[in-house]
Amino acid sequence: MKIGIVCYPTFGGSGVVATELGKALAKNGHQIHFITYQQPPRLDFFSENVFYHEVNIPTYPLFQYAPYESALTSEMVNVVQNEDVDLLHVHYAIPHASAAYMAKMILRSQGRTVPVVTTLHGTDITLVGKDASYEPVVTFSINESDGVTSVSENLRQDTYAHFNVHREIEVIPNFIDLSRFKRQKKDHFKLAICPNGEKLIVHTSNFRRVKRIDDAVMVFYHVQQEMPAKLLLVGDGPERARIERLVRDLGIYDQVRFLGKLDAVEEVLSVADLFLMPSENESFGLAALEAMACEVPVISSNAGGLPELNVQGVSGFLSPVGDVDDMVKNALYVLDDVNLPTFQANALARAQEFELSKILPLYEAYYERVLQESTAKV
Ligand code: GMT
């Protein structure tokens, strides 16, 4: 198949999933055309089956906001025409699904049919999408997609609850490449951060409010009162300055390191003992899956799709959003040397259920189905 993939070329989960999916499809012999405004961070290799088309967004003094959606639409039309693409797969509804609808209509006016698959990732539904400024466009473009997938059952339910969506949504969970995300021997790194055998706790995110990083810091604050521990915060975003202030105010700045955006997050996870994800909402929690693949148990909230990933008392624990006391209690239990090896093994076993080789065929079968249905309609 020739597939056009549209995504945000960022470190965020939806961009990562889209890029890793495209790479895996290319390895399986499909021709993949990425259409983005910038090279996605994980698209840093050469493959004969991977093509990259940059969306050029010209500016003009009249535009207070450059019309990205129009530029993206035009690029999708060009790529489908020039590369003979069979199907467009857009990740994150806003504005990718509506741009794809427009591209489909332009192509249809030229006698060319191209089906559109939209994958819903989370905030495009639970946070941004339901804002009145976007809701009608999101509802319309989901209903007009030829296929819609969501990364968890919870997100599927949320979509039906918040939008007047009447079409079928297929749940295809996120996946993990276990050949990349695996516990590596990084003793020197562990020793540098935890020279006295401290337990290492990690949180990675885009530092947005929805991640409740204050809760992660507070959990760490209480844990380090009970046992020697260090906290690594990976990622960057709007909450960074506020969280740095909180860490200083709590007097734990020496035990906390802000690592910023990292490409090789698996190296940090390889030396971690515990992963924290106390999010207000989380449609899936890809960062937690990456941790589990590196044998790191997860203390998370029970929001959104997290219960579909983290198994209570097995791969870690889940607590109500904001229940820091419960998270501290659970973290101390998991970090106990008697319990930790079992949780580590369980975390890996759970991650293996989301191995790329199990999820990739679901996407391939779904594309086939959508293509067949759209051919039958013509
Ligand atoms: O919140 C993020 O981490 C970024 C966001 C995105 O759209 O890139 O992540 C969403 O999609 C990921 C991949 O499907 C999911 O694993 C995250 O749970 C989801 N984030 C939220 O729902 C808050």
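Residues numbered from 1 in each chain as written. Predicted model: local features only at pLDDT ≥ 70, side-chain atom pairs only at ≥ 80, totals over all residues. Heavy atoms only, no water.

Draft legend 1. A look at the overall build of the chain. Across its full length, the chain carries 14 helices and 13 strands. Its C-alpha atoms give the chain a radius of gyration of 21 Å, within 12% of the compact-globule value 21 Å for 378 residues. Considering only C-alpha atoms, the chain reaches an extent of 70 × 45 × 40 Å along its principal axes. The burial tally for the chain puts 55% of its 378 residues in the buried class. Contacts in the chain between residues far apart in sequence, at least 24 positions, make up 69% of those at least 6 positions apart. Looking at the chain as shown, the accessible area adds up to about 16100 Å², and 50% of this sits on carbon and sulfur atoms. A distance of 2 Å separates the average location of the 33 positive side-chain charges in the chain from that of its 48 negative side-chain charges. (Helix = DSSP H or I, 4+ residues; strand = E, 2+ residues; numbered from the N terminus. Rg over C-alpha atoms; globule rule 2.2 N^0.38 Å. Buried < 20%, exposed > 50% of the residue type's maximum accessible area, 1.4 Å probe, protein only. Contact = heavy atoms within 4.5 Å. Areas by Shrake-Rupley, 256 points an atom, 1.4 Å probe, with all protein chains shown as cover. Lys, Arg positive; Asp, Glu negative; His and termini not counted. Charge placed at Lys NZ, Arg CZ, Asp CG, Glu CD.)

Draft legend 2. Layout of the site of the ligand. For the ligand, the set of nearby residues contains 18 residues, the closest of which are S14, H121, N174, E282 and S283. Take G285: an N or O atom from its main chain is 3.0 Å from an oxygen atom of the ligand. Considered on its own, the ligand offers 490 Å² of accessible surface; in the complex 92% of this is hidden by protein. When the residues that make up the shell around the ligand are grouped by side-chain class, the tally is five nonpolar, 11 polar and two charged. Lining the shell around the ligand are residues from two domains, each supplying at least three of them: domain 1 (2-175 + 356-377) and domain 2 (187-352). (Near = heavy atom within 4 Å. Polar contact = N/O pair within 3.5 Å; in protein donor to acceptor, adjacent residues only side chain to side chain. Nonpolar A, V, L, I, M, F, W, Y, C, P; charged D, E, K, R; others polar. Domains from an automatic or database assignment.)

Draft legend 3. How the structure looks around helix α11 (residues 286-293). Most of α11 is tucked away, with eight of its eight residues classed as buried. Within α11, burial applies to L286, A287, A288, L289, E290, A291, M292 and A293. If you follow the buried residues of α11, they end up packed against α1 (13-27), β8 (199-204), α10 (265-269), β11 (274-277), β12 (298-301) and α13 (340-352). Residue E295 follows α11 closely and has a positive phi angle near 65°.

Draft legend 4. Representation of the sheet that holds β11 within the structure. The strand order β10-β9-β8-β11-β12-β13 describes an open sheet built from six strands, whose pairing is parallel. Here the strands that pair on one side only, and so sit at the sheet edges, are β10 (256-260) and β13 (316-319). Across the sheet, the axes of successive neighbouring strands diverge by a mean angle of 20°, strand direction being ignored. Relative to β12, β11 runs parallel, the two being bridged by three bridges. When the sheet's bridge partners are listed, L276 is paired in β12 with I299. (Pairing = 2+ DSSP bridges. Axes fitted to C-alpha atoms, helices over the stretch in contact; angles between N-to-C directions.)

Draft legend 5. Structural view of the domain arrangement of the chain. Partitioning the chain into domains gives domain 1 (2-175 + 356-377) and domain 2 (187-352). Taken together, the contacts link 19 residues of domain 1 with 13 residues of domain 2. When domain 1 packs against domain 2, the two sides together hide about 1200 Å² of surface, and 57% of this comes from carbon and sulfur. Looking only at domain 1, the three residues that lose the most surface to domain 2 are F11, N154 and N174, adding up to 36% of its buried area. (Buried area = accessible area lost by both parts, 1.4 Å probe.)

Draft legend 6. Looking closely at unusual backbone geometry. Backbone torsion omega between I94 and P95 reads -15°, so that peptide bond is classified as cis. Checked against the element boundaries, P95 lands in helix α3 (residues 93-109). With phi around 50°, F207 is a residue other than glycine that occupies positive phi space. Within the secondary structure layout, F207 lies in the loop between β8 and α8 (213-226). On the basis of relative accessible area, F207 is assigned to the buried category, the value being 0%. A positive phi angle is found at E295, which is not glycine, with a value near 65°. Tracing the backbone shows E295 in the loop between α11 and β12. You can call E295 partly exposed: its relative accessible area is 27%.

Draft legend 7. Main features of the pairing of β11. Going residue by residue along β11, you find L274 and L276 tucked away on one face and F275 and M277 tucked away on the opposite face as well. As paired strands, β8 and β11 are joined by two bridges and run parallel to one another. Within β11, the residue paired with I201 across the bridge is L274. Where the polypeptide runs from β11 across α11 and back to β12, its parallel neighbour, the crossover connection is right-handed. (Right-handed = clockwise from strand over helix to strand, strands pointing away.)

Draft legend 8. Geometry of the side chain of D146. Within the secondary structure, D146 sits in the loop between α5 (135-144) and β6 (147-150). Taking the relative accessible area as the measure of exposure, D146 reaches 15% and is therefore buried. Within polar-contact distance, the side chain of D146 engages the side chain of K104 at 3.0 Å. A distance of 2.8 Å separates the side chain of D146 from the backbone nitrogen of V116, its partner in a polar contact. The contact partners of D146, leaving out residues within four places of it in the chain, are K104, V114, P115, V116, R167, V370 and K377.

Draft legend 9. Looking closely at the packing of aromatic side chains. Inspection of every chain in the model, using the stated rule, returns nine aromatic pairs. Seen from their ring centres, F284 and F354 are 5.7 Å apart, and the 80° between their planes marks the pair as edge-to-face. Placement of F284 in the loop between β11 and α11 and of F354 in the loop between α13 and α14 (356-377) is noted, with a sequence separation of 70 residues between them. Judged on exposure class, the residue F284 and its partner F354 are both buried. Centroid distance F317 to Y333: 6.0 Å. Interplanar angle 80°. Geometry classified as edge-to-face. Pair noted here: F317 is in strand β13 and Y333 is in helix α12 (residues 324-335), with a separation of 16 residues, a long-range link. Of the aromatic side chains, those joined through ring pairs into one cluster are F317, Y333 and F343. (Phe/Tyr/Trp six-rings, centres within 6.5 Å; stacked < 30°, edge-to-face > 60°.)

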